[in-house]
Amino acid sequence: MQIDVINPATKQVVETLNRSSVEEVNDAVATALQSFETWRQKTSEERGVVLHAIADGIEASATELANLIVAEQGKPLPVAMMEVGGAVAWTRYNADLSQAPEVLEDSADRLVQVHRLPLGVVASITPWNWPLMIAIWHIMPALKAGNAVVIKPSSNTPLSTIKLVDIVSAIEPGILGIVLGGKIAGEALVTHPEVKKLVFTGSTPTGTHLASLIAKDLKKVTLELGGNDAGIVLANADIDKLASKIYMGAFINMGQTCAALKRLYVHRSKYDALCDALVDMAKAEVVGNGMEEGVTFGPVQNKNQYDLVTSMIQQARDSGSEVIAPELPEGLDGYFIAPTIIKNPPLELSVVCDEQFGPVLPVIPYDDIKEIMKDAIHKEFALGGSVWGEESEELDWVVGQLDSGTVWINNHAEVLPHIPFGGNKLSGLGVEFGVEGFLENTQRKVVSYSRT
Ligand code: NAD
């Protein structure tokens, strides 16, 4: 069976690829294992030099990579260029990380150090929203730590990852392999006995399923899963200053970002002004094919997501909520959904309770912050959350209440190479980025030298 990669702006097939068989998965792991044996012998500094060369290679292919991302994913070209820029930044950050042993005690009694060893072959499974950037997030810390990686991209968006593997292979053959497909290739990869770690970004059901498959082998696992991030706008928030950041936090990448703002709770005194500002920004978007000049807002990536998000919006309409969205331009034939604001939705509506992962934002007015926090703290998800307002006791209290992996103040969905990022509850396990994320790709070995 083959994979048709569809351009979501046109519904046309961009490319048809073969799915990897189990034998091909086994071959990919064997090649990675062989390369690991020499790659691990290099010093951390030598591996850093290779990672910088990879970053140079990505920069040299930036336009080609960005065009592939637009064709397979749908986002506007400037956003795809931003994704390529992020890929370079994360690669260079990891290139410069130190793997020197940490000295815990250096006394007359003993010298105790923690060494960080590579694990072996790491399996990476990625989703379709930021296909290149998330691949880089998985691959680069693993390689820098001395591991080899085999990646399985989403079948919806494999093209930019294939190009990335070509770039890496031209510089350091064998350390990064790729397999294509879904359940068959993916499960063969993660359960392969020579795969020592899984790093997975995607939905909570798939992530927990894969973790259960490898639990008996005690493989390491990092899971970045779903979210339903809440933002809370306080009565003292400066709407003129913050509205555009709130809009971006929700609609970045057409809302298809794990840690996008997915529910907004606004104090009633600011409610209408903020909703009006958000609607104005939605109306200013130029919706269309991301390859066209001037387009600022593309389609959602696939039909399933399109159907899910449009059905949530329809349910909101049926509930009597006010659904506000600009008209779509005529003549579009892709999975387009205009940026949509939903006013006064009932709290039990799916668009509020469930992850939409699309261009829709329910905006909920509140009078009593203590009451609304009971709803804002999601029972299952805890990826990110945000508070918007001036410094105050109330702001501190809300920050203290939120139980998500990241709490932003006057911002949302900002991720940086040096800041750990990960979800709590069913939003994930472990962490990516920063030194903490890097160390998840290593095996700790304590060396204790007695001096007495
Ligand atoms: P998904 O779970 O359907 O797929 C993710 C990946 O898993 C794909 O590569 C897919 O082919 C693969 N896969 C699916 N079933 C598999 C199986 N049985 N064995 C092996 N591999 C399998 O998720 P998606 O639809 O691609 O992505 C959307 C979801 O990802 C959303 O829930 C979103 O919140 C989440 N996400 C989270 C983050 C984060 O950092 N927390 C980032 C991006 C996306």
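To be clear, the structure that these remarks concern was listed above.
As the structure is a computational prediction, the values presented were derived from the model and not from experiment. (Residues numbered from 1 in each chain as written. Predicted model: local features only at pLDDT ≥ 70, side-chain atom pairs only at ≥ 80, totals over all residues. Heavy atoms only, no water.)

Quick notes on the overall build of the protein
For the record, the criterion: Strands are runs of DSSP state E lasting at least two residues, helices are runs of H or I lasting at least four, and both sets are numbered from the N terminus onward. With C-alpha atoms as the basis for the radius of gyration, the globule rule is written as 2.2 Å multiplied by the number of residues raised to the power 0.38. Burial status follows relative accessibility: with a 1.4 Å probe on protein chains alone, a residue under 20% of its type maximum counts as buried, one over 50% as exposed, and anything between as partly exposed. Whether two residues touch is decided by their heavy atoms; if any such pair falls within 4.5 Å, the residues are in contact.
Assigned secondary structure in the protein consists of 15 helices and 20 strands. Relative to the globule expectation of 22 Å for 452 residues, the C-alpha radius of gyration of the protein, 23 Å, shows essentially globular dimensions. Seen along its three principal axes, the alpha-carbon backbone of the protein occupies a region of about 70 × 60 × 40 Å. Taking all 452 residues of the protein together, 56% fall into the buried category. Long-range pairs, those at least 24 residues apart, make up 74% of the contacts in the protein between residues at least 6 apart in sequence.

Considering empty space enclosed by the protein
Filter applied, for reference: Here the term cavity refers to a set of points on a 1 Å grid, laid over the protein atoms alone, in which a 1.4 Å probe fits but cannot get out; the term pocket refers to an open set having protein on both sides within 12 Å along at least five of seven lines, with lining residues being those that place an atom within 4 Å of a point. Grid points are joined across faces, edges and corners, and a volume is the space filled by probe spheres set on the points. Classification used: nonpolar for Ala, Val, Leu, Ile, Met, Phe, Trp, Tyr, Cys and Pro, charged for Asp, Glu, Lys and Arg, polar for all others including Gly.
Tallied over the entire structure, the rule returns two cavities of 30 Å³ or more. Forming the walls of the largest cavity are 18 residues, and the residues nearest its centre are W137, P141, E432, G437 and N441. Those elements that place two or more of their residues in the lining of the largest cavity are α4 (77-95), α5 (131-144), β8 (195-201) and α15 (434-439). Tallied by class, the residues present in the lining of the largest cavity amount to nine nonpolar, six polar and three charged. The volume enclosed by the second largest cavity comes to roughly 80 Å³. Looking at the lining of the second largest cavity residue by residue, the classes come out as seven nonpolar, five polar and three charged.

Quick notes on a negative patch on the surface
Under the convention used in this document: A patch is a set of surface residues, each over 30% in relative accessible area and not in a salt bridge, joined within 9 Å for like charges and within 5 Å for the nonpolar side chains Val, Leu, Ile, Met, Phe, Trp and Tyr. Working definition of accessibility: Shrake-Rupley area with a 1.4 Å probe, residue cover restricted to the visible protein chains. Salt bridge, as applied in this entry: a Lys or Arg side-chain nitrogen positioned within 4 Å of an Asp or Glu carboxyl oxygen. A residue counts as positive if it is Lys or Arg and as negative if it is Asp or Glu; His and the chain ends are not included. Charged groups are reduced to one reference atom each: NZ for lysine, CZ for arginine, CG for aspartic acid, CD for glutamic acid.
Taken together, the side chains of D238, D240, E390, E391, E393 and D396 define an acidic patch exposed on the protein surface. On the secondary structure map, E390 appears in the loop between β16 (384-388) and α14 (393-401).

Comments concerning the site of the ligand
Spelled out, the test is: When we say a residue is near a molecule or strand, we mean one of its heavy atoms is within 4 Å of it. Under this definition, polar contacts are N or O atom pairs within 3.5 Å; protein pairs additionally need one hydrogen-donor-capable and one acceptor-capable atom, and for neighbouring residues in sequence, both atoms have to be side-chain atoms. Cavity and pocket membership follows a simple rule, namely that a molecule belongs there if more than half of its atoms are within 2 Å of the grid points.
Around the ligand there are 27 residues in total, and T126, S203, L225, C258 and E355 lie nearest to it. The contact in question runs from an oxygen atom of the ligand to an N or O atom on the side chain of W128, over 2.9 Å. Between the ligand and the protein, one listed contact pairs a nitrogen atom with a backbone N or O atom of L225 at 2.6 Å. Protein coverage of the free-state accessible area of the ligand, which is 850 Å², stands at 86%. Judged by the fraction of its atoms near the pocket grid, the ligand is located in the largest pocket. Of all the elements in the fold, those that place two or more residues in the shell around the ligand are α7 (183-191), β8 and α8 (204-214). Looking at side-chain class alone, the shell around the ligand contains twelve nonpolar, ten polar and five charged residues.

With respect to the packing of aromatic side chains
Test applied: Aromatic pairing here means that ring centres of Phe, Tyr or Trp (its six-membered ring) are within 6.5 Å. Orientation follows from the plane angle: under 30 degrees is stacked, over 60 is edge-to-face, and everything else is tilted.
This structure, assessed with the given rule, holds seven aromatic pairs. Here the aromatic rings of Y306 and Y335 are separated by 5.8 Å at their centres, their planes lie at 50°, and the arrangement is tilted. Linking Y306 in helix α11 (residues 303-318) with Y335 in the loop between β12 (322-324) and β13 (340-343), this pair joins segments that are 29 residues apart in sequence. A relative accessible area of 27% means that Y306 is categorised as partly exposed. Owing to a relative accessible area of 13%, Y335 belongs among the buried residues under this scheme. Put simply, the rings of W90, W137, F421 and F433 pair up and form one aromatic cluster.

Some points on helix α10 (residues 268-284)
What counts, and what does not: By definition here, a helix of n residues has an expected span of 1.5 Å times n minus one.
Over its 17 residues, α10 runs 25 Å from end to end, which matches the ideal 24 Å to within 8%, given 1.5 Å per residue. Looking only at α10, the buried set comprises Y271, L274, C275, L278, V279 and A282. Each element contacted by the buried residues of α10 is listed here: β10 (229-233), α9 (239-251), β11 (261-267), β12, β13 and β14 (360-366).

Quick look at the packing of helix α3 (residues 62-73) against helix α6 (residues 159-171)
So the rule is basically this: Axis angles are defined between N-to-C directions and span 0 to 180 degrees, where every axis is a line fitted to C-alpha atoms and, for a helix, only to the segment in contact. Angles are sorted into four bins: roughly parallel if under 35 degrees, roughly antiparallel if over 145, roughly perpendicular if 65 to 115, and oblique for all others.
Running from amino to carboxyl end, α3 crosses α6 at an angle of 155°, the nearest separation of the two axes being 8 Å. One way to sum up the angle between α3 and α6 is to call them roughly antiparallel. In contact with E64, L65, L68, I69 and E72 of α3, α6 contributes L159, S160, K163, L164 and I167. Broken down by class, the residue content of the contact of α3 with α6 amounts to six nonpolar, one polar and three charged.

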